[in-house]
Amino acid sequence: LAERMANERQGKTLGSYASPKLVALVKQLTPSMQAAASPGIGAVIRSSFVQSSVTSVLYEAIFAFLQSADLVGNILAQNPILGPVRQVAIAILRDQIDQTAGVLIKEFLSRYSEESVDRLASIVTSERNQQAFAGTWGAALDALLAAPLVTASPPL
């Protein structure tokens, strides 16, 4: 029975079960959805999980920038004596930077990300921004309705 029900859901979307009239009504309510959902959204954005994720993403972005800018390599490239050992020296320097400055960067980002997620939560949940986010709520509803039922619902 579970297999038959799963096969019936295959290729169907949540939207295929909702009448166009119901979808239109829900879309009209999207501005008020934000007001109702704001406390929950704010709590999710301010959660320690989101904060640590932001810290991690920013930390990785800083090191990706340093690698792409190749600041260490450019400094070492100016020294002709280090030519053949340049790659080894760069790897060692990057590890040293990660071990020494990495801790400082992570501490800074941890403090900064707490402020950042708080500001983000305030922006997203602000009453004055409800109109700006109304389109976002509509797009989220469209994506949910278009999602294949198999991925939008728990397995049977």
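Just so it is clear, the model here is predicted, and its values are computed rather than measured.

A. A look at the packing of helix α3 (residues 30-45) against helix α7 (residues 130-146). Packing of α3 against α7 leaves a shortest axis separation of 9 Å and a crossing angle of 95 degrees. Between α3 and α7, the angle falls in the class roughly perpendicular. Contacts from Thr-30, Pro-31, Met-33, Gln-34, Ala-35, Ala-37 and Ile-41 of α3 reach α7 at Gln-130, Phe-133, Ala-134, Trp-137 and Gly-138. Tallied by class, the residues present in the contact of α3 with α7 amount to eight nonpolar, four polar and no charged.

B. View of the packing of aromatic side chains. Taken as a whole and assessed by the stated rule, the structure comprises one aromatic pair. On the numbers, 5.8 Å between centres and 15 degrees between planes, the contact of Phe-108 with Tyr-112 is stacked. Of this pair, Phe-108 and Tyr-112 are both found in helix α6 (residues 86-125), four residues apart, which corresponds to roughly one turn of the helix. Residue classification places Tyr-112 among the partly exposed residues on the basis of a relative accessible area of 33%.

C. Examining the pattern of salt bridges more closely. For the coordinates displayed, the defined rule picks out two salt bridges. The partner of Lys-27 in a salt bridge is Asp-142, and the shortest N-O contact between them spans 2.5 Å. Residue Lys-27 is located in helix α2 (residues 20-28), and its partner Asp-142 is located in helix α7; the two are separated by 115 residues in the primary sequence. Taking relative accessible area as the criterion, Lys-27 reaches 34% and is therefore assigned partly exposed.

D. The arrangement of the confidence of the model for the protein chain in detail. Of all residues in the protein chain, 75% have pLDDT values of 70 or greater, and the mean over the chain is 78. Confidence, read as mean pLDDT per element, is least for helix α1 (residues 2-9) in the protein chain (60) and greatest for α2 (87).

E. A look at α7. Over its 17 residues, α7 runs 24 Å from end to end, which matches the ideal 24 Å to within 8%, given 1.5 Å per residue. For α7, the full list of buried residues reads Gln-130, Ala-134, Gly-138, Leu-141 and Leu-145. Across the axial projection of α7, the buried residues extend over an arc of 100 degrees, all falling on one side. Summarising the geometry of α7, the exposed residues directed more than 90 degrees from the buried face are Ala-132, Gly-135 and Ala-146.

F. Representation of the packing of α2 against α3 within the structure. Between α2 and α3, the least distance of the axes is 5 Å, while the angle of their chain directions is 60 degrees. Relative to α3, the element α2 lies oblique. Listed contacts from α3 to Val-26, Lys-27 and Gln-28 of α2 are Thr-30, Pro-31 and Met-33. Here the contact of α2 with α3 is composed, by residue class, of three nonpolar, two polar and one charged.

Definitions and cut-offs
Position numbers for residues count from 1 along each chain, tracking the sequence in the order it is written. Per-residue local features of the predicted model are confined to residues with pLDDT of at least 70, and side-chain atom pairs are confined, for both listing and counting, to 80 or more; whole-chain, interface and lining totals are unaffected and use all residues. Hydrogen atoms and water are omitted, and side-chain values are computed over all heavy atoms in the structure. With axes taken as lines fitted to C-alpha atoms, and helix axes fitted only over the stretch in contact, angles between N-to-C directions fall between 0 and 180 degrees. Numbered from the N terminus, helices here are DSSP runs of H or I no shorter than four residues, and strands are runs of E no shorter than two. Should an angle lie under 35 degrees it is considered roughly parallel, over 145 roughly antiparallel, and from 65 to 115 roughly perpendicular; all remaining angles are considered oblique. Contacts were defined at the residue level, with two residues in contact if any of their heavy atoms lie within 4.5 Å. Each residue gets one label: Ala, Val, Leu, Ile, Met, Phe, Trp, Tyr, Cys and Pro are nonpolar, Asp, Glu, Lys and Arg are charged, and the others, such as Gly, are polar. Pairing of aromatic rings covers Phe, Tyr and Trp, the last through its six-membered ring, and needs centres within 6.5 Å; plane angles under 30 degrees mean stacked, over 60 mean edge-to-face, and all others mean tilted. Think of it in three bands: with a 1.4 Å probe and only protein chains considered, a residue is buried below 20% of the maximum accessible area for its type, exposed above 50%, and partly exposed in between. When a carboxyl oxygen of Asp or Glu lies within 4 Å of a side-chain nitrogen of Lys or Arg, that pair is called a salt bridge. Confidence of the prediction at every residue is given by pLDDT, a number between 0 and 100. Helices are assigned an expected span. That span is 1.5 Å times one less than the residue count. Each direction from the helix axis to a C-beta atom contributes to the arc, which is the arc of those directions.

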